[in-house]
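A structural walkthrough
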Amino acid sequence: MVKVEAFYITTPIYYVNAPPHVGHAYTTLFADVVARFKRLTGVRVFYLTGTDEHGLKIQRAAESQGKPPKVFVDEVAEVFKKYWKSLDISYDYFIRTTDELHEKTVKEAFTQIYKKGYIYKARYSGLYCVECEKYYAPGEYIEIGGKPYCPLHNKPLEYMEEETYYFKLSDFKDYLLEVLENRDIVYPRHYAQEVISKLKSESLRDISVARPIEKVWWGIPVPFDDKYVIYVWFDALLNYISAIHYLSDREKFKEYWSVAHHVIGKDILWFHTVVWFSILKALDLEPPRRVIVHAFLTSKGAKMSKSVGNIVSIDEMLQRYGVDGSRYLFARIFNMDKDSEFSFELLDNVYISELVDTYGNLVRRAGVLAQKKCAGRVYRRSIDSKVGEEVVVKIGEYLEAMKNYEVSSALQAVMDIARLGNQYLNETKPWEKSDPSKELYNVLELIRISTILLAPVTPRASRITAERFGFNIENPLKLRLESIERYTVTEAPILFRKLKVTTQQE
Ligand code: ME8
């Protein structure tokens, strides 16, 4: 039996202090596009997302609503699932850190690492940002009016002084440098460089991985000392291995862990490299295969975040552009290196020029023509060599971009194919011919190719087009021109509606 290649992709597990916003959708949608693309290429994918439900931030959010934390997290986790459903996110498993199996895994990992001598008890004093759930060392925070503030959330840091359990992060410095410098894990590479520089320029301090229960009670207790609760990041990072049955199914675990791809925003790069790789090493586990890092969606110049108060809701996107429209736009503005300022004006322009006027228009025009001129049946003809050559180049560009996770560039290549189709129609004018089969076959091939390549991003529109035009969504790695003997066009769908109100008119 041929063994099917496996692929494991994860998003961060999001805090449930508030419902998701477009920043969370940005990451989740990107991971979904990669997962769907991989599935189309015949790979067995395990796509994991979920929610991070413990810690002081969540405890306080629940308190502020007068709800017991478990009731509160149950409600918000459902809201996350609802949004992912409305965005057609095809996750295979939704992990919650309050899941029994996860809690068991965290306790087991904590105990194992303790027994190996990497966890010890000592006094901690220092500053903490509850929004980040992170300790801040001198030099890492900013000062406003002489007081320490979190540089990310612009909120005052809290002073903490307590007996705690420490994790010997400092022991792993050489290992981390070795891995980050020599292995191609962090992508794009410059993010690895950032971590390497920080590691080289500062001393790597041990971190607190548990807090006294009277300070934070909402979390997983330290298995051998119930006066302490495990630090939320230690708990959360382990989701990536608990979800693939680190404890209960070693075979499944081994298979997926060797192909683990974490997608994260750059805000949590340190945790996903320095802290995570060290925890894994302490457990005698390899680092993930890849950590794919992206930049921020900003609004009014700052990282969009609930605590900054500059968020755009997913509902607004969905109402304006529909499911596939929103998915396309998230993927189209996706950027690993540079922050993208969220602007409805920009999105309106992309939506109209690419989805409505280019791809949508091509499908509609060709569909109407095929019905009018050929009673919906278009038989195989040869592809014009110029058209054929250009399409092959564009498919190559698309595949190369997808290989490098550059979904936006991949979509540009698809739009070039659709643009070529419109141009071809304009030049060959099939409406003036008595038998335009050749022209229509050419253009239907361009539609088929662009529809298949769009399928990971706009699954609904692609399915509709494929159904109405009579072809299958195939493996994008195996596309071949002239492979369809006959197109049967039963309807010329209008896939993307014009916007009712555009920002220019507002
Ligand atoms: O950090 N632009 O959860 P979180 C782009 N629970 N991406 C954004 C974004 C923005 N403006 N805002 C959020 C946590 N994100 C931890 C993770 S994982 C073991 C634990 C996305 O709810 C981006 O992926 O604060 C970012 O890294 C993540 O949401 C942070 O989500």
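First, a word on scope: everything that follows refers to the structure included in this document. This one's a predicted model, so the numbers in the text were calculated from it and none came from an experiment.

Procedures and definitions
Residues numbered from 1 in each chain as written. Predicted model: local features only at pLDDT ≥ 70, side-chain atom pairs only at ≥ 80, totals over all residues. Heavy atoms only, no water. Pairing = 2+ DSSP bridges. Helix = DSSP H or I, 4+ residues; strand = E, 2+ residues; numbered from the N terminus. Polar contact = N/O pair within 3.5 Å; in protein donor to acceptor, adjacent residues only side chain to side chain. Near = heavy atom within 4 Å. Areas by Shrake-Rupley, 256 points an atom, 1.4 Å probe, with all protein chains shown as cover. Buried < 20%, exposed > 50% of the residue type's maximum accessible area, 1.4 Å probe, protein only. Salt bridge = Lys/Arg side-chain N within 4 Å of Asp/Glu carboxyl O. Phe/Tyr/Trp six-rings, centres within 6.5 Å; stacked < 30°, edge-to-face > 60°.

The strand order β3-β2-β1-β14-β15-β9 describes an open sheet built from six strands, whose pairing is parallel. Only two strands of the sheet have a single partner each, and these edge strands are β3 (93-96) and β9 (186-187). Relative to strand β15 (residues 290-294), strand β14 (residues 260-265) runs parallel, the two being bridged by five bridges. Its bridge partner being in β15, histidine 262 is matched across the sheet by valine 291.

The next subject is the side chain of threonine 98. Among the secondary structure elements, threonine 98 is positioned in the loop between β3 and α4 (100-115). Here glutamate 53 takes part through its side chain, which lies 2.6 Å from a polar atom of the side chain of threonine 98.

Moving on: the site of the ligand. Of all residues adjacent to the ligand, which total 25 residues, the nearest are Ile13, Thr27, Asp52, Asp267 and Leu297. Here isoleucine 13 contributes a backbone N or O atom positioned 2.8 Å from a nitrogen atom of the ligand. Starting from 670 Å² of accessible surface for the ligand in isolation, the protein chains cover 96%. Listed by contribution, the elements that provide at least two residues to the shell around the ligand are β1 (6-15), α1 (22-40), α7 (232-237) and α8 (239-242).

For the bond from tyrosine 187 to proline 188, the omega torsion is -10°, close enough to zero to count as cis. Looking at the secondary structure, you find proline 188 in the loop between β9 and α6 (189-201). Notably, tyrosine 405 is not glycine yet its phi reads approximately 60°, a positive angle. The exposure class of tyrosine 405 is buried, given its relative accessible area of 7%. Its identity is not glycine, yet glutamate 482 carries a phi of approximately 60°, on the positive side. Mapped onto the elements, glutamate 482 comes out in the loop between α16 (459-469) and β20 (486-488).

What follows is about the pattern of salt bridges. Summed over all chains, the structure comprises 42 salt bridges. Note that arginine 123 is salt-bridged to glutamate 161, the shortest N-O span being 3.8 Å. A residue pair is termed long-range when its members are at least 10 positions apart, and arginine 123 in strand β4 (residues 119-129) and glutamate 161 in strand β8 (residues 158-167) qualify at 38 residues. Within the structure, one salt-bridge network assembled from shared partners comprises Glu53, Lys70, Asp74 and Arg96.

Once that is clear, we can look at the sheet that holds strand β16 (residues 297-299). Strands in a sheet are paired, the pairing made by backbone hydrogen bonds, and the direction either parallel or antiparallel. An order of β17-β16-β18 is seen for the three strands of this open sheet, with the pairing classed as mixed. Two strands close off the open sheet at either side, each with one partner strand: β17 (302-303) and β18 (340-341). Here β16 pairs with β18 via two bridges, running parallel. Residue threonine 298 lies in a different strand from β18, and its bridge partner there is glutamate 341.

Turning to the packing of aromatic side chains, a few remarks are in order. With the rule as written, the count across this model stands at 37 aromatic pairs. Pairing phenylalanine 46 with tyrosine 256 gives two aromatic rings, centres 5.4 Å apart and planes at 40°, and the pair type is tilted. Of this pair, phenylalanine 46 sits in strand β2 (residues 44-52) while tyrosine 256 is found in helix α9 (residues 250-257), placing the two residues 210 residues apart along the sequence. For phenylalanine 46, a relative accessible area of 9% gives the class buried. On the basis of relative accessibility, which here comes to 6%, the residue tyrosine 256 falls in the buried class.

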